[in-house]
Protein chains: 2
Amino acid sequence: MSAEEVNTVRLVARLNELGAVGQLQEGGRTRLALTDEERQGRDLIVTWLHEAGAEVVIDKVGNIFGVLTGTSSGAPVMTGSHIDTVRRAGHLDGCYGVVAGIEVLDTIYRSGTKPDRSLVVAAFTNEEGVRFMPDLMGSRVLTKEMGLAEALQTVSTDGALFCNELERIGYAGTVEPWSLLPASYVELHIEQGPVLDSREVPIGIVEGVQGYTWWEVSISGQANHAGTTPMDLRFDAAVAAFELISEISRFVKAEGRTTVVTTGTISLHPNAINVIAGRANFTLDIRDANDASRVEAEIELRRLLNNLTEIGFDFEIECIAKNHAVKFNENICASIESSVSELGINSLRMVSGASHDAQMLARVCPTAMIFVPSRNGVSHNPEEHTETENLALGAKVLMKTIRKMINSDS
Amino acid sequence: MSAEEVNTVRLVARLNELGAVGQLQEGGRTRLALTDEERQGRDLIVTWLHEAGAEVVIDKVGNIFGVLTGTSSGAPVMTGSHIDTVRRAGHLDGCYGVVAGIEVLDTIYRSGTKPDRSLVVAAFTNEEGVRFMPDLMGSRVLTKEMGLAEALQTVSTDGALFCNELERIGYAGTVEPWSLLPASYVELHIEQGPVLDSREVPIGIVEGVQGYTWWEVSISGQANHAGTTPMDLRFDAAVAAFELISEISRFVKAEGRTTVVTTGTISLHPNAINVIAGRANFTLDIRDANDASRVEAEIELRRLLNNLTEIGFDFEIECIAKNHAVKFNENICASIESSVSELGINSLRMVSGASHDAQMLARVCPTAMIFVPSRNGVSHNPEEHTETENLALGAKVLMKTIRKMINSDS
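Keep in mind that this is a model prediction, so the values were computed, not measured.

Cut-offs used in this document
Residues numbered from 1 in each chain as written. Chains lettered and ligands numbered in written order. Predicted model: local features only at pLDDT ≥ 70, side-chain atom pairs only at ≥ 80, totals over all residues. Heavy atoms only, no water. Phe/Tyr/Trp six-rings, centres within 6.5 Å; stacked < 30°, edge-to-face > 60°. Lys NZ or Arg CZ within 6 Å of the ring centre and 35° of its normal. Buried < 20%, exposed > 50% of the residue type's maximum accessible area, 1.4 Å probe, protein only. Helix = DSSP H or I, 4+ residues; strand = E, 2+ residues; numbered from the N terminus. Pairing = 2+ DSSP bridges. Right-handed = clockwise from strand over helix to strand, strands pointing away. Contact = heavy atoms within 4.5 Å. Buried area = accessible area lost by both parts, 1.4 Å probe. Salt bridge = Lys/Arg side-chain N within 4 Å of Asp/Glu carboxyl O. Polar contact = N/O pair within 3.5 Å; in protein donor to acceptor, adjacent residues only side chain to side chain. Least-squares fit on C-alpha atoms with pLDDT ≥ 70 in both.

(A) Layout of the packing of aromatic side chains. Taken as a whole, this structure holds nine aromatic pairs over all chains when the rule is applied. Over the ring of tyrosine 212 of chain A we find arginine 287 of chain A, and its NZ or CZ is 4.8 Å from the ring centre.

(B) Up close: the pairing of strand β3 (residues 77–82) of chain A. Residue and element names in this part refer to chain A. Within β3, six of the six residues are buried, which leaves it mostly tucked inside the rest of the structure. Side chains Val77, Thr79 and Ser81 of β3 all project onto a buried face; the interleaved residues Met78, Gly80 and His82 project onto the opposite face, where all are buried too. Summarising the sheet, β3 and strand β4 (residues 119–124) pair through six bridges and their orientation is parallel. Along β4, the bridge assignment pairs glycine 80 with alanine 122. In this fold, β3 hands off to helix α3 (residues 95–110), which returns the chain to β4; that crossover is right-handed. Examined bridge by bridge, β3 and strand β5 (residues 184–190) share three bridges and lie parallel to one another. Bridge assignment links methionine 78 to a residue of β5, and that residue is tyrosine 185.

(C) Molecular detail of the interface of chain B and chain A. The partner chain A presents 54 residues to the 54 residues of chain B that form the contact. Surface buried jointly by chain B and chain A totals about 4,300 Å² across both partners, of which 63% is contributed by carbon and sulfur atoms. The largest share of the area that chain B buries against chain A comes from Met231, Phe242 and Ile273 of chain B, three residues that together contribute 17% of it. Where chain B meets chain A, there are two salt bridges. The residue glutamate 243 of chain B makes a salt bridge to arginine 250 of chain A at a minimum N-O spacing of 3.5 Å. Seen at the junction of chain B and chain A, the total is eight residue pairs in polar contact (both at pLDDT 80 or more). Going through the elements one at a time, α7 (195–199), β8 (224–225), α8 (237–253), β9 (260–262), β10 (266–269), β11 (275–276) and β12 (279–288) of chain B are the ones with two or more residues in the side of chain B that touches chain A. The dominant element in the side of chain B that touches chain A, judged by the number of residues it contributes, is α8 of chain B, at 10 residues.

(D) Quick peek at the relation of the copies chain B and chain A. The operation relating chain B to chain A is a screw motion whose rotation component is 179 degrees, with 0.0 Å of axial translation and a residual RMSD of 0.1 Å. Both copies are brought into coincidence by an operation consistent with a two-fold rotation axis. Measuring from the rotation axis to each C-alpha of chain B, the shortest distance belongs to phenylalanine 242 of chain B, at 2.3 Å. Here 100% of the interface residues in chain B have copies in chain A that are interface residues too; the copies meet face to matching face.

(E) Examining the side chain of arginine 140 of chain A more closely. Residue and element names in this part refer to chain A. For arginine 140, the location among the structural elements is in helix α4 (residues 137–142). Classification of arginine 140 by relative accessible area gives buried; the value is 19%. At a separation of 2.7 Å, a polar atom in the side chain of arginine 140 contacts the main-chain carbonyl oxygen of aspartate 135. Apart from residues lying up to four places away in sequence, arginine 140 is in contact with Pro134, Asp135, Glu145, Met146 and Met360.

And the structure:
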């Protein structure tokens, strides 16, 4: 291994070591934000950052920063992710980006040449949003999408106050979160979806994050006896809902469309085997990297609902959540692409269907992400897995990309 | 009104009087089998039977029979229905057939000419099966489809023993239920469905009762993230179920098909807005007057399920209830038809989608039913309603039909 290369053997060993913190008898690990388990994980990160030659800074919301100071006084280049987990998690989600970032910093430090720009490796607080809501809290506060005071006063699902927990685990820093606001940001992460794995492509160049809307829809027909009501005299709310959902699914599957639509919950009323449903309540999760395309699907949904009223049904629809799409920076994407080319491997331009700290950073600086494949698209699950070879490739692409970022004026 | 005509004014008045027994403040009435309320209803029936000139016989399962003895010693002609109700019921379901039967008996008694065959008006015990299971209990025991001892030992939903309740309300008779096994049976009933009302036809000639099967189906796909999983890489059990149910509905709607299919219950797993369903569990209620036609729909269902396995889904299917179709007697149907013709009114040949005591009687003697319209098809509901004119027409058709039955040798 030359001094220019990241230590991928240690990368994998550290992922396993970190993955052992909060490990469960039944498999997987639980390391919710600001718990004792997460503190153990944080301690490992701080240790490894020190070993890599970084100065460690903790901010007021508990974000951990490992800083390798550059020769210029400009804003730093930042990489990173998070080490808090969901319940019964895998060992890669978030951790991979932080641990690989440490390896990159270590490599640059060992090269002996100070970078032009400072390099910061971040481990953001409470990305998952399981114990404290909302998610992405550390990066939200850093980018002033959420007030610091509001974050500190958040109460956990177990009734604890965020600031007390932060104090208790010893990670209540004194630095303002935005004092290290970067000039640019790149995040390495597992895909958490099946695209790269199914197409056998080792690297995804992430151009943005999908926007989404969540809808609650209620279709009303007429409850009636399942035996005495002929098919042509029914106002079956269940069949109306089933056909509508099937149609909107076919609509987004059409050539050229990128929208995904999901009905994950449905309930029928009165919910009896021998009674035609008088009402069907269901949800629709609609996502697209392009807000305009998503809106097209929503217009189609409205059209299908309006058609139902013409044949005797009623409906209600309510939007219960909405997030606009995030577009990442093309220069960084192109830089990742050239890193991939230098390594002579395949890559795919794609968008993220999951949320990441990068989408907060994208609001304040040029940002992009690098994905590696998740086996079968599985994540948030002990079965989460990425081949060692691909973990190494992702770290190499991050290395090459960051080297360009810290030595450029952009 | 000639002595040959049924007293339709009194018919309607008695339906209202009986309907007041068990009346609820919020509308409707509850007269569950073998309760104090039902005893009050029984007492009215017994009184009216006596007034009509009938001898009243109570059998061991509590069936009430009003007997008008004929000149021959042959088995009687029987008509009737039931006076127990569901919770918050209308005033016509069952009661109409019993009270109209009493008017017919009264008319024949007043005519002064003894019929050839004896005429029996029956009020069967526990047709609804709400307080004691199964339904149709009185007619089940009469036709030996259920053992008398088994019926008497049945425990109600409120923990009471059938025989104790029968004794308590004073309707534990001494006669064997099958001692009055009829030569033929005709039952007058409201349709409890929308067909006659929607087609504005006053009389339905019921040729049989639908057979039905109840199925529990489970389709398994793969649960996945609603954002990160493109449409073409999904195994969405919800959409697979929705499309299958839509398809089987379209199949039975095809020209010439009489089958009805209902999905009244469905649940998705894990049942989260942003998770593609890994499993969909739902029921199918499939009915047809012709068992062979019903089986065609079931074969189509199997074909659709098998198609799913070819594209990566799994399924399980279980039949949880099955009842064969009942075919009524064509001679009685033709006799009803000629009665309708004599009155110069319209009628429709049809099948019953609901269960009736007649389907038990059909196992032991020639049987048919006469339906009158239910407004909007509504039944088992305080809104249950049939126009007085149609209640009168139904009683007249019953009168004419029974007159032929009691004076024929068939």
